[in-house]
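# Observations on the model geometry
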Amino acid sequence: MKVIYKSFAISLLAFTTLSHVNSNQVTAKTEVSEPPSHSVDNLKFIDSQTIPYDKHFDDTKVGGISGITYHPSSHRWLLLSDDRSEHDPSRFYEATLDYNQHQFNNIKLRSTHFLKQPNGSNYNNKDHYKDDPQDIVADPESIRFDPLNKQIMYTSEGDRSLGLNPFIRIASYKGDYISEIPITNTQKMDKHAKYGFRNNLSLEGSTFSVDGQSIWTATEAPLIQDGQSPTPTSGGLSRITHYDRQGHVLDEYAYPLDAIPKSPAKGKEAENGISELLAINKHEFLTLERASVQSSDNSYHNYIRIYKINTKQATDIKNKDSLKHAEIQPVKKECVANLNEQDIGHIDNIEGITFGKKLPNGHDSIVLVADNNFNKSQKSQLIAFEVIPK
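In short, a report on the structure.

Reading the values: rules and limits
- Residues numbered from 1 in each chain as written.
- Predicted model: local features only at pLDDT ≥ 70, side-chain atom pairs only at ≥ 80, totals over all residues.
- Heavy atoms only, no water.
- Helix = DSSP H or I, 4+ residues; strand = E, 2+ residues; numbered from the N terminus.
- Rg over C-alpha atoms; globule rule 2.2 N^0.38 Å.
- Contact = heavy atoms within 4.5 Å.
- Areas by Shrake-Rupley, 256 points an atom, 1.4 Å probe, with all protein chains shown as cover.
- Lys, Arg positive; Asp, Glu negative; His and termini not counted.
- Charge placed at Lys NZ, Arg CZ, Asp CG, Glu CD.
- Core = buried A, V, L, I, M, F, W, Y, C linked by side-chain atoms within 4.5 Å.
- Buried < 20%, exposed > 50% of the residue type's maximum accessible area, 1.4 Å probe, protein only.
- Polar contact = N/O pair within 3.5 Å; in protein donor to acceptor, adjacent residues only side chain to side chain.
- Pairing = 2+ DSSP bridges.
- Axes fitted to C-alpha atoms, helices over the stretch in contact; angles between N-to-C directions.
- Salt bridge = Lys/Arg side-chain N within 4 Å of Asp/Glu carboxyl O.

The next thing to look at is the overall build of the protein. Assigned secondary structure in the protein consists of 1 helix and 22 strands. By the compact-globule yardstick of 21 Å for 390 residues, the protein fits well, its C-alpha radius of gyration being 19 Å. Principal-axis analysis of the C-alpha atoms gives the protein an extent of 50 × 50 × 45 Å. Here the contacts in the protein between residues at least 6 apart in sequence split such that 64% fall between residues at least 24 apart. Per element, the accessible surface of the protein, about 15600 Å² overall, is 46% carbon and sulfur. Averaged over its 43 positive side-chain charges, the protein has a centre that lies 1 Å from the centre of its 50 negative ones.

General note: in soluble globular proteins, nonpolar side chains tend to be found buried as a group. Formed by 22 residues in total, the largest nonpolar core has its most connected members in L43, L286, I306, L339 and L368. Breaking this core down by element, the ones donating at least two residues are β17 (284-294), β18 (300-310), β19 (332-338), β20 (350-355), β21 (365-370) and β22 (380-388). Discounting residues that sit within four places of it in the chain, L43 has contacts with I306, V336, A337, Q342, I366, F385, E386 and V387. One finds F104, L109, V367 and A384 within the second-largest nonpolar core, a separate group that totals 21 residues.

Moving on to the side chain of T241. Considering the arrangement of structural elements, one finds T241 in strand β14 (residues 236-244). A polar contact of 2.6 Å, which involves the side chain of T241, links it to the side chain of E252. Excluding anything up to four places from it in sequence, T241 contacts T184, Q187, I215, W216, T217, V249, D251 and E252.

Right, let's get into the sheet that holds strand β13 (residues 214-219). Reading across the sheet, the 4 strands line up as β12-β13-β14-β15 and stay open at both edges, with antiparallel pairing between neighbours. Here the strands that pair on one side only, and so sit at the sheet edges, are β12 (203-208) and β15 (249-257). On average, each strand axis in the sheet is inclined to that of its neighbour by 20°, with strand direction left out of account. As paired elements, β13 and β14 share 5 bridges and run antiparallel to each other. Residue pairing across strands places I215 opposite Y243, the latter belonging to β14.

A few words now on the environment of A254. Position of A254 among the secondary structure elements: in strand β15. Sequence separation of A254 and I240 is 14 residues, and the distance between their C-alpha atoms is 6.4 Å. When neighbours within four sequence positions are excluded, A254 is seen to be in contact with L237, S238, I317, L323, I328, P330 and V331.

So, on to unusual backbone geometry. The phi angle at N200 is positive, at roughly 70°, despite the residue not being glycine. With respect to the helices, strands and loops of the structure, N200 is situated in the loop between β11 (177-181) and β12. Of note in this structure, Q313 is not a glycine but carries a positive phi near 70°. With respect to the helices and strands, the residue Q313 is situated in the loop between β18 and β19.

As a further point, take the pattern of salt bridges. Pairs can form between side chains of opposite charge whenever their charged atoms are close. Overall, the coordinates contain 19 salt bridges when judged by the stated rule. A salt bridge links R245 to D146; its shortest N-O distance comes to 2.5 Å. Of this pair, R245 sits in the loop between β14 and β15 while D146 sits in the loop between β8 (140-145) and β9 (151-156); the two residues are 99 residues apart in sequence, bridging distant segments of the chain. Residue class for D146 comes out buried when judged on its relative accessible area of 1%.

Right, let's get into the sheet that holds strand β7 (residues 104-114). The sheet built from 4 strands is open, its strands ordered β4-β5-β6-β7 with antiparallel pairing. Each edge of the sheet is formed by a strand with only one pairing partner; in this case those strands are β4 (65-71) and β7. Going from strand to strand, the sheet's axes swing by 30° on average, the running direction of each strand aside.

All we've got here are geometric facts, nothing functional implied.
Laid out in structure tokens, this is it:
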């Protein structure tokens, strides 16, 4: 999501129904290696790097980085821009990140890949969509390497003003469309704005399960029918959904969002929600919870917390159309890192998280990325952490 600063568009194909999966839908391989084992109990800040605001690469404007993913075998990094084809067509960058347990040396962009629609063309911007609604608008938010196939998954938020639902798509390493995972009916919009996703607050997070056999997604904010969004005095319930690779919902859980840490200035805005999701093991995940609070001078202060959640003993809500007045047990969560309490300096609009390479001492690393919203007053930050195991 592009936090509060402006509205974003994304979509579903006009001719695709989300109740059925494309015949090319990817299937998991029957033989898989032992899934990676992660233990995350604390994070130690290493260092950060910033991509300059005026950076251009392959004749594109670099910015809006909302997703990040790392492939441990090939050591490839992908950075996803949430440009709605307003500056350049929707795209992701392949990059090299040079860091160790002591410092973050540099970021080098290696190539640019444009995300493609099923017809093979680039995604359109909002103005072109109005002229030709057969070609849709995308607002890509989360990207993941597929651990079983040479493919990627990415999500996109929806735009009620354009009549477009969120989507989950599978693509090649070059961005070519392969298939689509249908979202749940509870997330789809209605005509009366009483049901489904909240605009610009929908599919913000995604992750493959550690064995690669299934997919998890997170809505940034509560669905309309599930209750209010967080306020400075109360939290809310978002949804974390578990799909098999054919798009069937296996289970779904309620995630308890924090209240907004601070009240905005009079007449200004504030929000809190999940900006990314990352699998640790079968039942545990990291969530990136990000709040933005507007000051009287229209600037924003960001509050970033990383939680470890456990789905064990949480109520399966996949058959609940609404969470209002429902007697349920949300997932349990514990804080792994509060970035505002660490000596990091300025913290911008953090939207992406991924496990990175192993550090020389054998510990895992985690890298976060911030979306600058193509705004000169914000930064495209990449922040590296050492994972301190139990």
